[in-house]
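Summary of structural features
Residue-level listing of the chains:
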Amino acid sequence: MRVEPHDSQTASAPAPNGRSGIFYGWWVLAASAVLGFGAFGVVIPGYLAFSVPIRTELELSSGQSAFIVGAAWGIGDITSLVAGWLADRYGARRLVLVGGLLCGIGFAGLAFAGSFWAIVLSYTVAASVGRGLGIFPTLMTVANQWFEDRKALALAIVNTAVTGGAAAILPALSYASGEIGWRTVALIAGGVVCALTLPAAAIIRSRPEDIGLEPYGSGRPARQASRGAARRTRATGTARREYSVRQALATLSFCALALGAILRTVPSDGVVINQIPILIWKGVAETRTSTYLSITYFATIPARFGMGLAATWVSPRLMLSLAMAVVTLCTVAALGVRGDAAAWFLIISSAAGQGVSSLAWITVGEYFGRRSFGTLVGLMTVFYGVSGLIVPALAGAAFDRTGSFVPVLLVVGILQAVSAGSFALVKRPAADANDDEG
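All values derive from a computational prediction rather than experimental measurement. (Residues numbered from 1 in each chain as written. Predicted model: local features only at pLDDT ≥ 70, side-chain atom pairs only at ≥ 80, totals over all residues. Heavy atoms only, no water.)

**Quick look at the overall build of the chain**
- Regarding its fold elements, the chain presents 17 helices and zero strands.
- By the burial criterion, 59% of the 438 residues in the chain qualify as buried.
- A sequence separation of at least 24 residues applies to 82% of the contacts in the chain between residues at least 6 apart.
- Counting only carbon and sulfur atoms, one obtains 65% of the accessible surface of the chain, whose full area is about 17300 Å². (Helix = DSSP H or I, 4+ residues; strand = E, 2+ residues; numbered from the N terminus. Buried < 20%, exposed > 50% of the residue type's maximum accessible area, 1.4 Å probe, protein only. Contact = heavy atoms within 4.5 Å. Areas by Shrake-Rupley, 256 points an atom, 1.4 Å probe, with all protein chains shown as cover.)

Now the structure itself:
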């Protein structure tokens, strides 16, 4: 299938699929966004929606409750390393199917859990491994494969969809659990995730080359990808270099980006996981804490999408550093106030931090290409995944022992400040246009 070259003067779209005239990558992107919205939205905030009745029913401590969620997020992130490697080499479609089903089955298993360790097995292990294998960041890898032009938009859409799912589904789960019980809600929600996975996996293709197409905006036939890229590199000097894992790790930019992402995510997740007890400690009425947690997730939607889209025009280094400076200041400010003011400072801090997350993934795709995106993202997530296994639980345990979150928030603010400094070192690797390998 012949496709006309894409250039600044010719706005010709890549080869469409079928009679609709719509590039098939948009269908893949839509399926990825819908699955990410539903599956990630159920699994990530799911336990937080049930945390109060579960703690009461099973008599869990703050440390145990924080461990369930923190270890779940950590295990999912660690699994992402394997998933990224598999997606780069064998494609992401099967991972989406297996991971999505495991995610739904594991979450539904909460309905039958009668102890701390039963919850750990169903939610912390099964559902989280499924999330890491097939949902996030695997769906980001799919989007990165399908788009060259509009890459920032595509990645921002998927990134925003998963956050939007968490924001929309959290209050629904909280309300439903109060009406019909958290066990029934967990069973239904897990079934919905499985139901979304099947059609999404049927639509998603790992790479455009799998069906004879090329990435959106690449402007060259799929069968001639390698030679076409080399010719265009020599002729125009504008081709994006495709980095191997080793080449990316050898750059200061990737190391600084990874360090900044780790120091953004680990402390921020620890605060979000413990947000309800932090707000209660700050004097917020317990009846309002779930509302503030929902607002926290909703606030990340415009932050992720807006900052991700802005990466098309604004330097990622500038945006990453400034956003993390805002995150740091808001975290520190939350220490000095009480009541609702503390809640709003934490909401702003979380929203800006989630916008940084969107920028970080987009920067990996823009600076290092399609070749090793899944593995590189997996490497980034595995480091803060290991920390996620222990940091939130330690924060909860520290509060159980001291009755204060002051030391926790101070450490969080320091790490966020270091993250801002690390992001200042991120820039596009030099001399990419002179590499004929593409």
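**So, the packing of aromatic side chains**
- Scanning the entire structure with this criterion turns up 22 aromatic pairs.
- On the basis of an interplanar angle of 55° and a centroid distance of 5.4 Å, the ring pair of Phe23 and Tyr216 is categorised as tilted. Taken together, the positions of Phe23 in the segment before helix 1 (24-58) and Tyr216 in the loop between helix 7 (182-203) and helix 8 (225-236) put the pair 193 residues apart, joining distant regions of the chain. Take Phe23 and Tyr216: they sit in the same class, and that class is buried.
- Note on Phe107 and Tyr123: the rings are 6.2 Å apart at their centroids and 70° apart in plane angle, and the pair reads as edge-to-face. Within this pair, whereas Phe107 is found in helix 3 (residues 93-108), its partner Tyr123 is found in helix 4 (residues 116-134), the two being separated by 16 residues in sequence. The pair Phe107 / Tyr123 is uniform in exposure class, with both members buried. (Phe/Tyr/Trp six-rings, centres within 6.5 Å; stacked < 30°, edge-to-face > 60°.)

**Section: the confidence of the model for the chain**
- Across the chain, the average pLDDT comes to 82, with 87% of residues at or above 70.
- Taken together, the stretch residues 220-238 has pLDDT below 50 and engages in 25 contacts with residues farther than four places along the chain or on a different chain. (pLDDT = per-residue confidence, 0-100.)

**Overview of the nonpolar core**
- Phe50, Trp73, Ile119, Tyr123 and Tyr297 are the most contacted members of the largest nonpolar core, which totals 105 residues.
- Among the elements that line this core, the one with the most residues is helix 1, at 16 residues.
- Among residues more than four places away in sequence, those in contact with Trp73 are Ile44, Leu48, Tyr123, Arg131, Asp269, Val272, Ile273 and Tyr297.
- Val271, Trp281, Tyr292 and Leu346 belong to the second-largest nonpolar core, a separate cluster that totals 16 residues. (Core = buried A, V, L, I, M, F, W, Y, C linked by side-chain atoms within 4.5 Å.)

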